[in-house]
Amino acid sequence: MNHPSVPQRDTAEHLPCHHCGAYEPADQARHTEPVHCGPCITCVDKPACFSCRLMYCVCDVHRYRG
Ligand SMILES: [Zn+2]
Ligand SMILES: [Zn+2]
Ligand SMILES: [Zn+2]
């Protein structure tokens, strides 16, 4: 009696995100709500999950920490 091992699905459904790939519904606000962060025009109004790659980005929310 051996049934094939089916890959287990994640219990949480992942939704697609333009900025970081995928997210869980519980995290929705981070990925869909725009953050009015200010001086950097590259990342202003992007959701919190967005990473700004601009070298001179001064934004605390979006600055890429790599
Ligand atoms: Zn995201
Ligand atoms: Zn920003
Ligand atoms: Zn920025």
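The numbers attached to residues start from 1 for each chain and follow its sequence in the written order. Labels are handed out in written order, letters beginning with A for the chains and numbers beginning with 1 for the ligands. For this predicted model, a pLDDT threshold of at least 70 governs which residues receive local features, and a threshold of 80 or more governs which side-chain atom pairs are given and counted, while totals over whole chains, interfaces and linings are taken from all residues.

A.B. asks: Summarise the overall build of the protein; cite the residues concerned and give the values.
C.D. replies: A helix here means a DSSP run of H or I that spans at least four residues, while a strand means a run of E at least two residues long, and both kinds are numbered starting from the N terminus. Assigned secondary structure in the protein consists of 1 helix and 2 strands. Our exposure labels follow a C-beta count within 10 Å of each residue's own C-beta, placed from the backbone: buried means 20 or more other C-beta atoms, exposed means 12 or fewer, and partly exposed covers the counts in between. Out of the 66 residues in the protein, the part that is buried amounts to 12%. Contact between residues is assigned whenever the C-beta positions, reconstructed from backbone atoms, fall within 7 Å. Taking the contacts inside the protein whose residues are at least 6 apart along the sequence as the reference set, 14% of them involve residues at least 24 apart.

A.B. asks: Which residues make up unusual backbone geometry, and what values do they have?
C.D. replies: Of note in the backbone geometry, D45 takes a positive phi value of approximately 70° without being a glycine. In this structure, D45 sits in the segment after helix 1 (28-32).

A.B. asks: Just give me the short version of the environment of Y64, but keep the residues and values in it.
C.D. replies: Mapped onto the elements of the fold, Y64 is located in the segment after helix 1. The class for Y64 is partly exposed, based on 13 C-beta atoms found within 10 Å. Sequence separation between Y64 and R53 is 11 residues, and the spatial gap between their C-alpha atoms is 5.6 Å. Those residues in contact with Y64 that sit more than four places away from it in its chain are S51, C52 and R53.

A.B. asks: Tell me about the environment of H62, residues and numbers included.
C.D. replies: Relative to the elements of secondary structure, H62 occurs in the segment after helix 1. Setting aside its immediate chain neighbours within four residues, H62 contacts C37, C43, K46, F50, S51, C52 and C57.

A.B. asks: Give a description of the environment of T42 that names residues and reports values.
C.D. replies: With respect to the element layout, T42 can be found in the segment after helix 1. According to the C-beta neighbour criterion, T42 is partly exposed, with 13 such atoms within 10 Å. On a C-alpha basis, the gap between T42 and L54 in space is 7.4 Å, while along the polypeptide they are 12 residues apart. Setting aside chain neighbours within four positions, we find T42 in contact with C52, L54 and C57.

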